[in-house]
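Residues per chain, in single letters:
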Amino acid sequence: HLFGCCPTTSPSPGRRPTSTSYAGPATAPETATSPSCTTQVRHAHGHNLEPSAGVIDSCSIKASPVRGPRGFDGAKKIDGIKRHIVVDTLGLLVAVLVTAASVQDRAALPRLLGRAPYRCPRLGHLWADQGYTGSVVQAVSRILRFTLQIVGGIKPKGGFITQPRHWVVERTFA
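Owing to the predicted nature of the structure, the values given are computational and were not obtained by experimental measurement.

On to the nonpolar core. Residues Ile 56, Val 86, Leu 109, Leu 113 and Leu 123 are the most contacted members of the largest nonpolar core, which totals 18 residues. Within the residue set of this core, elements represented by two or more residues are strand S4 (93-100), helix H2 (105-119), strand S5 (125-128) and helix H3 (135-144). The greatest single-element share of this core, amounting to five residues, is contributed by H2. With residues up to four places along the chain from it excluded, the contact list for Leu 123 reads Pro 51, Ser 52, Ala 53, Gly 54, Val 86, Val 94, Ala 116 and Phe 146. Among the nonpolar cores identified, the runner-up in size contains 10 residues, and Cys 59, Val 87, Val 168 and Phe 173 belong to it.

Our focus in this paragraph is the pairing of strand S1 (residues 53-62). Here S1 lies mainly inside the structure; eight of its 10 residues are buried. Where S1 and S5 come together, three bridges link them in parallel fashion. Following the sheet pairing, Val 55 is matched in S5 by Trp 127. Two strands pair when backbone bridges link them, and S1 and strand S3 (residues 78-88) are joined in this way by nine bridges, in the antiparallel orientation. Bridge pairing in S3 places Lys 62 opposite Gly 80.

Moving on: the pattern of salt bridges. Overall, the coordinates contain three salt bridges when judged by the stated rule. For Asp 88, the salt bridge is made with Arg 42, and the minimal N-O distance between the two is 2.8 Å. Taken together, the residues span a long stretch of sequence, with Asp 88 in strand S3 and Arg 42 in helix H1 (residues 35-44) at a distance of 46 residues. The buried category is assigned to Asp 88, whose relative accessible area is 1%. Residue Arg 42 is classed as buried on the basis of its relative accessible area, which comes to 4%.

What follows covers the environment of Gly 134. Relative to the assigned elements, Gly 134 resides in the loop between S5 and H3. Among the residues examined, Gly 134 registers a relative accessible area of 36% and is labelled partly exposed. For the pair formed by Gly 134 and Arg 106, sequence separation is 28 residues and the distance between their alpha carbons is 7.6 Å.

Across its 15 residues, H2 extends 21 Å between first and last C-alpha, which sits within 8% of the 21 Å expected from 1.5 Å per residue. Where H2 bends most, at Arg 111, the angle is about 30°. Among all positions in H2, only Asp 105, Ala 108, Leu 109, Leu 112, Leu 113 and Ala 116 are buried. Turning to H2, the residues buried within the fold contact S1, S3, S4, S5, H3 and strand S6 (147-150).

Procedures and definitions
Residues numbered from 1 in each chain as written. Predicted model: local features only at pLDDT ≥ 70, side-chain atom pairs only at ≥ 80, totals over all residues. Heavy atoms only, no water. Core = buried A, V, L, I, M, F, W, Y, C linked by side-chain atoms within 4.5 Å. Buried < 20%, exposed > 50% of the residue type's maximum accessible area, 1.4 Å probe, protein only. Helix = DSSP H or I, 4+ residues; strand = E, 2+ residues; numbered from the N terminus. Contact = heavy atoms within 4.5 Å. Pairing = 2+ DSSP bridges. Salt bridge = Lys/Arg side-chain N within 4 Å of Asp/Glu carboxyl O. Expected span 1.5 Å × (residues − 1). Bend = angle between axes of the 7 residues up to and from the residue.

Structure below.
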């Protein structure tokens, strides 16, 4: 369970977890990403129940050679899929899009952000990394009424520096 929320998503002592196989997850009153669980977590942290800001990022991962989107991410040298996500400021999922790893971040942005207003209508400000720059991003921001702030800059050689606000989405990927 997430942040001590939604006890129905964790098994009772002595019981095995329910299946999440191809047939789909077992039905449960609440899941860790259900709107009621999300509002419980946001309320427990003293936040407004509806997020107004979030963070966007993507992550390429290896995928098995079965059906579905696949591609090669030349920057990370990974053959597989890319997960694009939008999270709120607590790291709770707002929108998810899975594409071939070869799809650029800015190319997936219109489809990803098109999903966010349905889940969080108040969402208006997003932080993103350098992968979300260009004319497509500006057009999407204008049409969907999002303000997009690019965080970070030049990355140091051989090191990792935590970027402002961006660590939230990286924690969600982890």
